[in-house]
Every structure is written in structure tokens, then in C-alpha cells.
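Residue-level structure breakdown
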Amino acid sequence: MVENKEVAITVPAADNSPMEEDKPLKKSPKELKDAPIKEELSEEDQELKNQLEMLIDRLKEPDTKLYNATLETLRTLILTSTSSMTSVPKPLKYLRPMYPDMVTIHESWPESADKKFLADILSILAMTYDDDKLDTLKYRKLGSQNAIGSWGHEYVRHLSTEIGLEYERRQESEADTSDLIALALEVAPFFLAHNAEADAVDLLMQLDIMPKLVDFVDKNSYKRVCLYISSCVNYLESPDDAICLRTAHDIYLKHSKYAEALLIAIRMSDKALIQSIFDNCQDPLLKKQLAFMLARQQLSVETEDEDLQNCINNTHLTTHFISLARELDLMEPKTPEDIYKSHLEHKRATGVAQVDSARQNLASTFVNAFVNAGFGVDKLMLSEEDDGGWIFKNKDHGMLSASASLGMILLWDVDMGLNQIDKYIYSDDENIRAGALLAVGIVNSGVRNMADPALAVLSEHLEDTKSTTNRVAAIQGLGLAYAGSAREELSELLLPIVSNSDIAMELSSFAALALGQIFVGTCDGEITSTILQTMLERADGQLGETFSRFMSLGLGLLHLGTRGQSDVTLETLKAIEHPIGQRTSVIVEICAYAGTGDVLHIQRMLHYCNDHFDAESNTDDEFQAFAVIGIALIALGEDIGAEMALRSFTHLMHYGEPVIRKAVPLAIGLLCASNPVLSVLDTLGKYSHDTDIEVALNSIFAMGMVGAGTNNARVAQMLRHLASYYHKDASCLFVVRLAQGLLHMGKGTLTINPLNTDRQIMSPVALSGLLTTLFAFTDVKTLILGRHHYLLYSLVTAMYPRFLITLNEELESEAVAVRVGQAVDVVGQAGRPKTITGFQTHSTPVLLAYSERAELSTEEYLAQAPVLEGFVLLKKNPDYVEETKA
């Protein structure tokens, strides 16, 4: 420790007498350090300071005639002062110590124009004084109410902050806020005119007057305003989020931007609003674009126009997908061996694997189905030499999946598909017949046909009392074919099966699941009450069956994305004493808040995972697995939340119970579907060697989901390594083959990610299929490795080409140059920032990866869609002038 030594300082006497008479003062180094340093002012600054002090002194004099000129001089000095971005203007700095005197002067003056003028100056001086008193706002109201921007941008920003603080104080005391709202409505237009759209939105949002924004936004600012509003929605609670979306919708409609307004209406899940936008759009080309956008979300609206109806029904999908395949030279069918590349697998010398040939053939069936999905040609099922012979290379229930794979290969091509499937519907073998029924549902998934062939064929088999397998296949076929359609006649067909207590739990559960898929996100009261009633009436033994998870999921899907509307159902579930009550409560809650990023509900799910149950307590802990999947489901689509969720999963893997650990890979798969992030792949690669076989199986499948449809070379290499590692384990090898099939889905042209349209919109129909498959993997040994492997085909509702196809006004493919690069977040950035980075220029059609975005290379055409993804209609730009080369 350093001692404080005393230092003698000689101070000259005042009269400059000789030095020996000077008295030394003793000061310690600490006192020297704490002594105030007197700032050395330049002559110019000292002159300014003296002038300001003189002006304030003049205001203290009784001569009122001097006041106006003095205040005018003060204002001019403040307005004309220049300073750097980081320092306070010098007049404000020198006036700060005099602020209390000026406040006293203001209080002593009688009401007059000069008093208001002084209040204006005090309002700007208060910025440098005490924030807690909110004096900037106080003196602004007492001042002369001149133009809000007369003191500059920083003053307005400070004023808006104080308006927000004062509003909160008054809200607590329930005082009148009309004066603050009036002032905010002056501030907002200033912000909008000066490229501070985010500040304007924040202020009106804080004061709960967002709808007022519509009147102030002009054609120059509406894009930036709406982009900011849309990005804020993820962080708002209900009903603020709906108010913000409605405001963005109204702004777009005010500027006749129907496509952008439609996207907002889809995010709001408001059917009436969607229909209204569609009806009010008068431009025939733009209306076709709206129809294609609705088709992507599998939403239907009423229209008399046959061309529009064909667009909405997705009738063009198969034609354009096949033409894309021809363009990319992908029509040559691939065999499972082309995918496995067994010659690259590291062969073990010791002990040749005893391969279960039926299990391997079943794996090949799925790989063949996923890889050739939508192409209409393959070498196993539709080859001329081996017409249907492949089906008989599978055993029993394997035949079901084999005949159902026809639906996947002929996906979206309803006419051709039904012709090929028809002969199997009347087969003598029960499993082949059931597979054909499921194939009818699969081939109709994602497309609508005016003749309703799926309903006509499948409804006949719903009452087939001889075969439960056929009934289950018909029920699931209806669920996949009409997912998201909310057709009432399907409710009438399936509800009696749900409520019938005399039939197997398997039938009731799958009927409830199919209803959940068809009426996804509708909160249909009749179906909800029927499922709840069935749960109350069924015997405990039946509710304990593994199929009951699908009944719970059916109820959850009805409430998908509905938030608070699920409260009544959650209350009713408390009356069910069987463990299925708690399990279903968790499932309904996670579905209701899917994609919202709601941190409170993520915390609740983590809290559920916190409980540890002893083996002796005999408590059903399966709800914890669904809580883990729920964390991913709620965080989906919100980047920060997703990153936090991945971090939480690492902790759950370390400290969680086995039931939690087996669900973590599935949750990761959902969070990163068709988005092979390197860190996630490394994590799953580690988990795929876990000692708990269920964790390993689910990790391998999750690797397939993460790489689905991407042909990612790293994932392919990891899966080949796993194939050699597990060459003796038939179950693990089966799942490795499945993952390889998913990785090369559609030969690298498809995606299963539920987020589309630049990751802004979450598809409930896609989620319903993903969740069905994930829930099957929560009991992988009984369901996927047992008789119900066909549940993998539920992924079909999430499968969609990741293409960008540009069409002309006659809906014919039109090749144009587009730039494709990594998407950049430009929310709130000044100027016109680039929306993509590291781009390459291609000619359409092109494939887009998860994080990529496309934009037109030239201005020759005008895109009718706000986001270049899927089908985009183009119109010639009348103002375009081709650049002449020198």
C-alpha cells in the first residue's frame, strides 16, 4: 500500500512580496487529485459565455422591453451553434448552470408572449438538465407551440421519450392523456418526414394509438414503416400484435398494395379479411398472383373465375415441378442404392451383418418414395419390368407402406396418380388395399380437385367393419388430402368414429388426428367438445394406449396458433384425472402458442422439464417429452428465441430424464427443418452415438429432417458413417436409411420447413404433418419400428418445392435473370440498403435454400409478388429503357 506523503506547495503572496514570507500549504496527493480542474476556455468560448451570462442578467432586469430582443438573441445563438455528433452544443453547455435561475425568472413573469418564448428556450435547455422532472415536455406545453421541428431532430427525439414516460405515469394514476396524444400526433409526422420511421412507430405503439399512423404514412415511407411494424409483432403481446398487423394491412391497402396486405391477413389468420382483399383487387394479373399466394398457404376463397380457381387449387403445381426437373436434368429416377452409395461406406471386416431383408426392403421403399417424390417415375414401383412386384418383396404391414409409396411418387398429379393406384384398391391383400387408400390421400395432398376423388374413394371404406387397417388408412388419407380445408362434410363423417367408445382406441385417435389436420387452427367447438367428451368416457386402460397421443395432438392442432382462445379447453382438461389430461394440456398449450416466440410459455415448458419422477412413484412423465418439442414449436420462426432454445436443449441433454433426452433431437429437427446449420449437425452427430438407443434413433432421424431436401454433403457423409457404425443393428440402420431418403428428398428440390414467404409466414398445414411424424417418434419402438411406419408419410403436408418460377401474363414459364444470395435483415436501416449479400445471378427457374432470397437483376419486368418465392407473375415494365452498350 502506497503511503500518502505530504508535499509542500509554496504559494506566492498576494502583494508579490519576497518569497521567504510565503507560507507553504500542505496538500496530500489525494486532495490534489480531487481538486476541481478549471477548464481553460479559448477567447472565443469565453466571449460566448460572457455574452450568455449578460443576456440572462438582462432578463432579470425590470425593463420588459428588452426581453423579446434578448430571448431572440438566445434562440439565434442556440440554433446557429455547431458541434460534433458526440458533444453538447456550447450555448446549452454554458447555460446549464444558469437553468435554475431561468426557471425562477419564468415563474416570476406574468402571462405574456415573452413568458411563452422563455418557456420554449427552457424546453430545449431541460434536455441537458434533469430527465426525471420531464421539463422538456412541461415547458413545451407552456411555450408558444411553434413548429415541433424548429429546435431540430434531437430535441424532438428527447420530447418523444418524455411523452412516453409521462403517458405511463398517467396510465398508472388513470389521469387524462389527451394532451399527450395530441402532441404525439405532431411528433409522428416529423419523424416520418425525417427517415425516423421506427421512432414514430415506437411512440404511437407506446401511446396505444397505432391505427392513427395510417393517416401520416405516404408513398415514400410506407414500405419502411410496414417492414418495421411486421418485425415488431414477434415481440408484442396479444392484442397489441393484432393491432399492429391490422395497421400494416390498412397502410398497404391505402397504397393499393394488395399482395402485401394479403400476406399480413394470412399472418392474422383472418379469413374474412383475406376474402375481402381478394374481392377488392381489380387488376386481373395481380389477382392471379394472390391466388398463387393463397395456394401456397393451402387457403381457399370463393371465386367464380375458373382460371383463378385452378391457381388456388394448386392445379399447376405438378406441371411446373416436372418442367423444373427437366430444366435441372433431374427426371432420371434414382434407386435407393444411388442414395446409399454403399461402396463409400466403411466396411467392417469382422462379422457380416445379419440384415433383416424385409426391414431393409421397407427402408428402400421409403427412400424410393421420398427421393422420387412428385416426379411420377421410379425404378421400384412403376418400372415396366417389375410391375408392382416390389410390393411383394415386403412383408405384411410393409406392403401397406409399399403401396402407399405410389401416392408419394405421383404426388400432386391427381389424374395420373389415381389411375396407377386404382388397381391396388381392389387387391385381395388387406395391407395392399389399405396402402392404396393411404396413397389416394397422399397424392391429393396440397392440391384441390373439383371432383373430390379422395372423398369419394375413401369415404366408402370408413365403415369397413371387416378391416381396422383399411379404416385407419382411409381416415389418415382423408386427413392428408384435406388438411387445412375445414370441410364440414368431413366432420360429419369422422366425428362418429371419434365418439364411438366401442371401437378400438387406434381408430378413434386417428380420426381425432385427421379432424385436427383438416380443421387445423379453427378452434371448432363441436370437434373440441367431442374429443374432450371421448377422453372423459374412455376407460383408463384405453387412454393409456400409445395411440392416445394422436387424440391429444388432434385437439392441439385444432388450437394451432390461436393463443388465448385455447383457455377454455385447458380449463376443461383439468377435469380429466387420467395422466392423458396433463399430457393433452401441454400439447394444446404448445400448439396454441406455436411460432409466437412467447418467452413466458417457453419458461413454463422448461418448468415442466424440471420435475424428476421416481420409478416407484409410477407417474406418467410422457408430458415432458411434448414440453421439450413445445419449446422448439413456440420458438419457431423467431431467430433469437430459436438460438436460446438450442442452448436450453444442451442443458436438457445433460441433466434431463430419459423421456426428456429422447425428445431433444426431435425438437432440434423441428427447429432447423431443411436448414442444415453446422453447429446443429455436430450436436446431432454426437447424440447419434448415445448409449440410450431411443436418443440415437431420434438423433439420426433429426439429421434427416435438418438436411431434408438439401442434398447436403456433410449430412450425407455423416449418415454413411452411421450406416457402417450401426451395420449390425437393424433398427438403427433402418432409421439411417430413412434419414438418407429425407436428405435427398425430391432429389434436392423439396423443403419441409413450415416457414415460407421469406420466413414470414408459418404454415399450419405443414406443421400438422411435421408434428404427427415427431409424435410418432416419441414412441419410436412401438410405432415407427412397429406396424405404424406409414406415419412417416404425414410429412407430405410439409413437402413443397423450394423453387422460384417466374410466369408471364398467360401463366407460361418466363426465364429471367435473378440474383440469389443470403438474405440480409434491413429493418430500420437508413437509405436503401442491399437486401441480399454474396449473390450469384441465375436464370429462372431456380432453387432457394432456407436463408436465401432472390431479386430481379434488371428492371425490365415488374414482379407482382412482394417476395420472390414459389410462383411469381411478371409484367413488362412500361418505363424500362434497355441500356445500350458503348
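Residues numbered from 1 in each chain as written. Predicted model: local features only at pLDDT ≥ 70, side-chain atom pairs only at ≥ 80, totals over all residues. Heavy atoms only, no water.

Secondary structure assignment for the protein yields 42 helices and 13 strands. Buried positions account for 56% of the 886 residues belonging to the protein. Carbon and sulfur atoms provide 50% of the accessible area of the protein, an area that totals close to 39600 Å². Averaged over its 77 positive side-chain charges, the protein has a centre that lies 4 Å from the centre of its 124 negative ones. (Helix = DSSP H or I, 4+ residues; strand = E, 2+ residues; numbered from the N terminus. Buried < 20%, exposed > 50% of the residue type's maximum accessible area, 1.4 Å probe, protein only. Areas by Shrake-Rupley, 256 points an atom, 1.4 Å probe, with all protein chains shown as cover. Lys, Arg positive; Asp, Glu negative; His and termini not counted. Charge placed at Lys NZ, Arg CZ, Asp CG, Glu CD.)

Strand order across the open sheet formed by 4 strands is β10-β7-β13-β12, with mixed pairing between neighbours. On the outer flanks of this sheet lie β10 (846-847) and β12 (861-863), each paired with one strand and no other. Bridge count between strand β7 (residues 803-807) and β10: 2 bridges; the pairing is antiparallel. When the bridges of β10 are listed, Leu-804 appears paired with Val-846. Packed onto the sheet, helix α16 (residues 284-296) meets β7 and β13 (870-876) and runs at close to 170° relative to β13. Helix α18 (residues 317-327) contacts β7, β10 and β13 of the sheet and is inclined by roughly 105° relative to β7. (Pairing = 2+ DSSP bridges. Contact = heavy atoms within 4.5 Å. Axes fitted to C-alpha atoms, helices over the stretch in contact; angles between N-to-C directions.)

Helix-helix packing is characterised by the crossing angle of the two axes and by the distance between the axes. Between helix α25 (residues 468-481) and helix α27 (residues 505-518), whose axes approach to 8 Å, the crossing angle comes to 10°. Overall, the two elements α25 and α27 adopt an arrangement that is roughly parallel. Touching Thr-468, Arg-471, Val-472, Ile-475, Gln-476, Leu-478, Gly-479 and Leu-480 of α25 are Glu-506, Leu-507, Phe-510, Ala-511, Ala-514, Gln-517 and Ile-518, all from α27. Of the residues contributing to the contact of α25 with α27, the split by class is 9 nonpolar, 4 polar and 2 charged. (Parallel < 35°, antiparallel > 145°, perpendicular 65-115°, else oblique. Nonpolar A, V, L, I, M, F, W, Y, C, P; charged D, E, K, R; others polar.)

Let us look at a negative patch on the surface. Together, Glu-53, Asp-57, Glu-61 and Asp-63 give the surface a local cluster of negative charge. You can see Asp-57 is positioned in helix α2 (residues 43-60). Accessibility expressed as a relative area gives 42% for Asp-57, which makes it partly exposed. (Patch = residues over 30% accessible without salt bridge, like charges linked within 9 Å, V, L, I, M, F, W, Y side chains within 5 Å. Salt bridge = Lys/Arg side-chain N within 4 Å of Asp/Glu carboxyl O.)

Moving on to the sheet that holds strand β11 (residues 852-856). Here we have 3 strands laid out as an open sheet, ordered β9-β8-β11, and antiparallel in their pairing. With partners counted over all chains shown, the strands left at the sheet margins are β9 (836-843) and β11, one partner each. Adjacent strand axes in the sheet meet at a mean angle of 30° when their direction is disregarded. Looking at chain direction, strand β8 (residues 817-823) and β9 are connected through 6 bridges and run antiparallel. Residue pairing across strands places Ala-823 opposite Ile-836, the latter belonging to β9.

Attention now goes to the pattern of salt bridges. For side chains bearing opposite charge, pairing can occur when the charged atoms are close. Enumeration according to the criterion identifies 24 salt bridges in this entry. Between Arg-549 and Glu-622 there is a salt bridge; the shortest N-O distance is 3.0 Å. Of this pair, Arg-549 sits in helix α30 (residues 548-558) while Glu-622 sits in the loop between α33 (599-609) and α34 (623-635); the two residues are 73 residues apart in sequence, bridging distant segments of the chain. An identical accessibility class is assigned to Arg-549 and Glu-622; each is buried.

The linkage connecting Thr-844 with the following residue, Pro-845, adopts the cis geometry, with an omega of 5°. In this structure, Pro-845 sits in the loop between β9 and β10. For Asp-208, which is not glycine, the phi dihedral falls at a positive 60°. One can find Asp-208 in the loop between α10 (197-206) and α11 (213-216). Residue Ser-269 is not a glycine yet carries a positive backbone phi of 55°.

Here the focus is the environment of Asn-368. Mapped onto the elements, Asn-368 comes out in helix α20 (residues 357-371). Beyond its immediate sequence surroundings of up to four residues, Asn-368 is in contact with Lys-334, Pro-336, Asp-378, Lys-379, Leu-380, Met-381 and Ile-409.

As a further point, take the nonpolar core. Among the nonpolar cores identified, the biggest contains 292 residues, and Leu-74, Leu-213, Met-408, Phe-649 and Met-799 are the most heavily contacted of them. In terms of residue count, α34 provides more of this core than any other element does, 11 residues in total. Those residues within four positions of Met-408 in sequence are excluded, and the remaining contacts are Ala-369, Phe-370, Ala-373, Gly-374, Ile-442, Tyr-793, Val-796 and Met-799. By size, the runner-up hydrophobic cluster in this structure holds 13 residues, among which are Leu-804, Val-846, Val-872 and Leu-874. (Core = buried A, V, L, I, M, F, W, Y, C linked by side-chain atoms within 4.5 Å.)

A few words now on the packing of aromatic side chains. In total, this model carries 16 aromatic pairs according to the counting rule given. With 4.9 Å between their ring centres and 35° between their planes, Phe-292 and Phe-871 make a pair best called tilted. Of this pair, Phe-292 sits in helix α16 while Phe-871 is found in strand β13, placing the two residues 579 residues apart along the sequence. Here Phe-292 matches Phe-871 in class, with each residue buried. Over the face of the ring belonging to Phe-278 we find Lys-287, whose NZ or CZ atom lies 5.1 Å from the ring centre. Across the ring face of Phe-375, the terminal group of Lys-747 is positioned such that the distance to the ring centre comes to 3.9 Å. (Phe/Tyr/Trp six-rings, centres within 6.5 Å; stacked < 30°, edge-to-face > 60°. Lys NZ or Arg CZ within 6 Å of the ring centre and 35° of its normal.)

Here the protein averages 84 in pLDDT, while 92% of its residues score no lower than 70. Looking across the protein, the model is least confident in strand β1 (residues 7-10), with a mean pLDDT of 46, and most confident in helix α38 (residues 693-706), with 93. The model gives residues 5-25 a pLDDT under 50, and that stretch makes 21 contacts with residues more than four places away or in other chains. This model gives residues 349-354 a pLDDT under 50, and the stretch forms 6 contacts once residues within four places in sequence are excluded. (pLDDT = per-residue confidence, 0-100.)

Residue position: Gln-517 is located in helix α27. Assessed through its relative accessible area of 3%, Gln-517 is described here as buried. For Gln-517, the residues in contact, after removing those within four places along its chain, are Gly-479, Leu-480, Ala-483, Gly-484, Leu-557, Ser-768 and Thr-772.

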